[in-house]
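# Architecture and fold: a report
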Amino acid sequence: MAFPIATAPSTRLDELVEAIRDTVRLERTPAETAHLVAARLEPFLALPDLVPPQFRAGGPDGYRQHVVHAEDDGSFSLVALVWEPGQRTPIHDHVAWCVAGVHEGAETEERYEMRGLDGPVRLVPAGRTVNPAGTAVGFAPPGDIHSVRNAGDSTVIAIHVYGADISRLGTSVRRLYRYPVADAEASGESFG
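## Structural notes on the overall build of the protein
A count of helical and extended segments in the protein gives three helices and 10 strands. Of the regular secondary structure in the protein, the N- to C-terminal order runs α-α-β-β-β-β-β-β-β-β-β-α-β. Relative to the globule expectation of 16 Å for 192 residues, the C-alpha radius of gyration of the protein, 17 Å, shows essentially globular dimensions. Taking all 192 residues of the protein together, the buried fraction comes to 48%. In the protein, the proportion of contacts linking residues at least 24 apart, taken out of those at least 6 apart, comes to 79%. Total accessible area on the protein is roughly 9,400 Å²; 52% of this is exposed by carbon and sulfur atoms. Across the protein, the mean location of the 17 positive side-chain charges is 3 Å away from that of the 26 negative side-chain charges.

This is how it looks when you write it as structure tokens:
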């Protein structure tokens, strides 16, 4: 499925794309690239005119993804995600490094570890983070199993950057996880 791409991004978005392009060209490891891109994204998140109106529309049936920019060489994509209250992703991982930056509201991220590869497979909670407006986090596979949701009562607008061409792939998700989620306290697992 192809996604529409902005034909005339704002000047702020142009500046952000250039900053990400310069960072990706450093050719660091995926994890390093994600952390460097997160650091480049954070100052832009406070700019009120960062996300133009055409990328601010949500949807009643689930979060809305607007592909804002896909680099010609496929090295990264910039996506605006709009979450209405209560909307969430399934538990998933990604095809490439990923950066999640919150422009308005707060995203709640729950991370998981897969356990029991030699027996019954289950997911164990590995941490929960609330990422408020102005923050960006970066991560890379493996170890990026998580879900994201809007736990608040107002719309959340986020900028996500993926190390792949989402306009061609249609999604940043590599795999959905439908294993049972273990209760961390009952199983003696730690939860951060």
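## Let's talk about the packing of aromatic side chains
In total, this model carries two aromatic pairs according to the counting rule given. Both rings, one in Tyr177 and one in Tyr179, keep their centres 6.4 Å apart while their planes meet at 50°; by these two values the pair is tilted. The ring of Phe139 is capped by Arg111, whose NZ or CZ atom sits 4.5 Å from the centre of that ring.

## Some details on the nonpolar core
With 27 residues, the main nonpolar core has Leu16, Leu78, Trp97, Val99, Ile159 and Val161 as its most contacted residues. Mapped by element, the contributors of at least two residues to this core are α1 (11-24), α2 (30-45), β2 (77-83) and β9 (156-162). Membership of the second largest hydrophobic core comes to 14 residues, among which are Val79, Cys98, Val102 and Phe139.

## As for α2
In a regular helix each residue adds 1.5 Å, so 16 residues correspond to 22 Å; α2 covers 22 Å between its end C-alpha atoms and thus fits that length. Along α2, the residues that are buried comprise Thr33, Ala34, Val37, Ala38, Leu41, Phe44 and Leu45. Its buried side turned inward, α2 meets α1, β4 (98-104), β7 (136-139) and β9.

Analysis parameters
- Here, residues in each chain are numbered from 1, in the same order as that chain's written sequence.
- Where totals are concerned, whole chains, interfaces and linings use all residues; where local detail is concerned, this predicted model gives features only for residues with pLDDT of at least 70, and gives and counts side-chain atom pairs only at 80 or more.
- Heavy atoms throughout the structure, all of them, feed into the side-chain values; hydrogens and water do not.
- Segments assigned H or I by DSSP are reported as helices when at least four residues long, segments assigned E as strands when at least two residues long, and all are numbered from the N terminus.
- Only the C-alpha atoms count toward the radius of gyration. The rule for a globule is 2.2 Å times the residue count to the power 0.38.
- When accessible area is computed with a 1.4 Å probe and restricted to protein chains, residues below 20% of their type maximum are described as buried, those above 50% as exposed, and intermediate ones as partly exposed.
- In this analysis, two residues are considered to be in contact whenever any of their non-hydrogen atoms come within 4.5 Å of each other.
- To be clear on the numbers: accessible area is Shrake-Rupley with a 1.4 Å probe, and residue cover counts the displayed protein chains and nothing else.
- Charged-residue counts in this description rest on Lys and Arg as positive and Asp and Glu as negative, His and the chain ends being excluded.
- Positions of charges follow a simple convention, taking NZ of Lys, CZ of Arg, CG of Asp or CD of Glu.
- Pairing of aromatic side chains requires ring centres within 6.5 Å, counting the rings of Phe and Tyr and the six-membered ring of Trp. Pairs whose planes differ by under 30 degrees are stacked, by over 60 edge-to-face, and all others tilted.
- Throughout this description, the term charge over a ring refers to an Arg CZ or Lys NZ atom that lies within 6 Å of the ring centre and within 35 degrees of the ring normal.
- The nonpolar core is taken to be a set of buried Ala, Val, Leu, Ile, Met, Phe, Trp, Tyr and Cys residues, with the residues joined through side-chain atoms within 4.5 Å.
- Multiplying 1.5 Å by the helix residue count minus one yields the expected span of that helix.

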